[in-house]
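# Reading the structure
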Amino acid sequence: MTPAIAASNLTYSYNNFSPPSLTDVNIALPPGSRTILVGANGAGKSTLLQLLAGKKLVNTPGAELTIKGQDVFRNSPPGVTFLGTEWAMNPVVRGDIVVSAFLDSVGGYRHKERRDLLLDILDVDLDWHMHQISDGERRRVQLCFGLMVPWDVLLLDEVTVDLDVLVRDDLLNFLKADSEARGATILCKYYALYPDFCDLTCQTDATHIFDGLNNFPTHVAHMRFGSFVTLPTPWTPNTDLGISLDTPTLYKLALQWLKEDRDYRRELEKNGQQVVRGARRNPAVPSDSETFYRKYDYSH
């Protein structure tokens, strides 16, 4: 079976002076799979999604990146939808345009039944003016705009970050049912979707959000520093991925993986292989900016 999404020997740097954002990535996702990428900020998740969407060109010799068996750069296949955060900041979609006219201008009238279903799920008012609505409401319009045309492969990059818990849950139920009914494939990044998860020790509503996703993915994967620590692996609730957990929910699995990422990075920092993050507590070595502002601080 031809993988819906595949990458081999993929290494990518933004320029010749930067270290690789992705290193030797090799994955193959089957049609109909729903894969969640877990990893800390800077792990390379967004870069991988943007490359798969054809938004960046890979020049690494021997690297291959295909969707539905076709090269994403030279023979872009139809039926691929990418939804990222930059859309909502585009000045065009923040202009004085009514939502109904905006959706019709991109062909909403040709997919009326599916568009109307999404309008109900996302609780969108067709009379909204794009320049008058909130970021969360604008995100709902984006999702309706991006999902009303049936897709074969869906690439999601943080697009539920502005949604409330109820709308997010309804949307994920729709995406799962749509994927199962049509054999469509979903690849999405996990971490930055949920702001509460930034604190690795918190047990807030993020627990319920993550636990509510237990039945959404068919596969989970773990990225760290541009590489896969755990390749896309089949997932069902309580899957044992070799991590000692009393109840291996998706939330607890992601929490454990991110803690491991932090410990790994701190060990590199200790050995001088990474720049040390956090506060600098050595008063004997003030920063240049601190020295300057101490001299010219007139606030006291």
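Because the structure is predicted, anything quoted here is derived from the model rather than measured.

Right, let's talk about the overall build of the protein for a bit. Each helix and strand in the protein was counted, giving 8 helices and 10 strands. Split into buried and exposed, the 300 residues of the protein put 44% on the buried side. Looking at the protein alone, contacts between residues at least 24 apart form 68% of all its contacts between residues at least 6 apart. Working note: accessible area of the protein is about 15,700 Å², and carbon and sulfur atoms make up 50% of it.

Here we come to the sheet that holds strand β7 (residues 153-156). As summarised here, the arrangement of the 6 strands in space is β6-β7-β8-β3-β9-β10, forming an open sheet in which the pairing is mixed. Sheet topology places β6 (80-83) and β10 (227-234) at the edges, where each strand pairs with a single neighbour. The average angle at which neighbouring strand axes cross in this sheet is 10°, direction not considered. Of the strand pairs in this sheet, β6 and β7 are connected by 4 bridges, and their pairing is parallel. The partner of Thr81 across the bridge, within β7, is Leu154.

Here we come to the packing of aromatic side chains. For the coordinates displayed, the defined rule picks out 3 aromatic pairs. Here Tyr12 and Tyr14 contribute two aromatic rings whose centre-to-centre distance is 5.3 Å and whose plane-to-plane angle is 75°, an arrangement assigned as edge-to-face. Assessed through its relative accessible area of 43%, Tyr14 is described here as partly exposed. Over the ring of Trp151 we find Arg182, and its NZ or CZ is 5.0 Å from the ring centre. Arg224 extends its terminal NZ or CZ atom over the ring of Tyr264, reaching a point 4.6 Å from the ring centre.

What follows is about the environment of Cys188. By secondary structure assignment, the location of Cys188 is in strand β8 (residues 185-189). Take Cys188: its relative accessible area is 7%, and that puts it in the buried class. Note: C-alpha distance between Cys188 and Leu37 (151 residues apart in sequence) is 6.1 Å. Once you skip the residues sitting within four places of it in the chain, Cys188 turns out to touch Thr35, Ile36, Leu37, Leu156 and Phe216.

It is worth spelling out the side chain of Glu269 at this point. Here Glu269 shows up in helix α7 (residues 250-270). Judged by its relative accessible area of 12%, Glu269 falls in the buried class. Within polar-contact distance, the side chain of Glu269 engages the backbone nitrogen of Arg277 at 3.4 Å. Excluding its chain neighbours within four sequence positions, the residues that come into contact with Glu269 are Gln274, Val275, Val276 and Arg277.

It is worth spelling out helix α1 (residues 45-52) at this point. For α1, a buried count of 8 out of 8 residues is recorded, marking the element as mostly surrounded by other parts of the structure. Within α1 the residues assigned to the buried category are Lys45, Ser46, Thr47, Leu48, Leu49, Gln50, Leu51 and Leu52. A positive backbone phi angle near 80° is found at Gly54, which sits one or two residues after α1.

Opposite charge on two side chains lets them pair, provided their charged atoms get close. The full count for this structure, using the stated rule, is 15 salt bridges. Arg94 is the salt-bridge partner of Asp135, the closest N and O atoms lying 3.8 Å from each other. With Asp135 in helix α4 (residues 135-147) and Arg94 in the loop between β6 and α2 (99-105), the pair connects residues that are 41 residues apart, well separated along the chain. The exposure class assigned to Arg94 is partly exposed, which follows from its relative accessible area of 30%.

The next thing to look at is the packing of helix α3 (residues 112-122) against helix α5 (residues 165-182). Closest axis-to-axis distance for the α3/α5 pair is 9 Å, and the angle between their directions is 150°. It follows from the interaxial angle that α3 and α5 lie roughly antiparallel. Between α3, through Arg114, Leu117, Leu118, Ile121 and Leu122, and α5, the contact on the second element is made entirely by Val167, Asp170, Leu171, Phe174, Asp178 and Arg182. For the contact of α3 with α5, the residue count by class is 7 nonpolar, no polar and 4 charged.

Analysis parameters
- Counting from 1, residues in each chain are numbered in the order their sequence is written.
- For this predicted model, a pLDDT threshold of at least 70 governs which residues receive local features, and a threshold of 80 or more governs which side-chain atom pairs are given and counted, while totals over whole chains, interfaces and linings are taken from all residues.
- Excluded from the side-chain calculations are hydrogens and water; all other atoms, namely the structure's heavy atoms, are used.
- Numbered from the N terminus, helices here are DSSP runs of H or I no shorter than four residues, and strands are runs of E no shorter than two.
- Any residue under 20% of the maximum accessible area for its type is buried, any over 50% is exposed, and the rest in between are partly exposed; the area is computed with a 1.4 Å probe on protein chains only.
- Any two residues whose heavy atoms approach within 4.5 Å are treated as being in contact.
- Areas reported here follow the Shrake-Rupley algorithm with a probe of radius 1.4 Å; residue values treat only the protein chains shown as occluding.
- Whether two strands pair depends on DSSP finding at least two bridges between them.
- Lines fitted to C-alpha atoms define the axes, with helix axes restricted to the stretch in contact, and inter-axis angles between N-to-C directions lie between 0 and 180 degrees.
- What counts as a ring pair is set by centres within 6.5 Å for rings of Phe, Tyr and Trp (its six-membered ring), and what kind of pair is set by the plane angle: stacked under 30 degrees, edge-to-face over 60, tilted for all other angles.
- The criterion for a charge sitting over a ring is simple: Lys NZ or Arg CZ within 6 Å of the ring centre, and within 35 degrees of the ring normal.
- Residues adjacent in sequence count toward polar contacts only when both atoms are side-chain atoms; beyond that, a polar contact is any pair of N or O atoms within 3.5 Å, and within protein one must be able to donate a hydrogen and the other to accept it.
- Take a side-chain nitrogen of Lys or Arg and a carboxyl oxygen of Asp or Glu: if they are within 4 Å of each other, that pair is a salt bridge.
- Any angle that is under 35 degrees is reported as roughly parallel, and any over 145 degrees as roughly antiparallel; angles of 65 to 115 degrees are reported as roughly perpendicular and all others as oblique.
- Just so you know the grouping, Ala, Val, Leu, Ile, Met, Phe, Trp, Tyr, Cys and Pro go in nonpolar, Asp, Glu, Lys and Arg go in charged, and all remaining residues, Gly too, go in polar.

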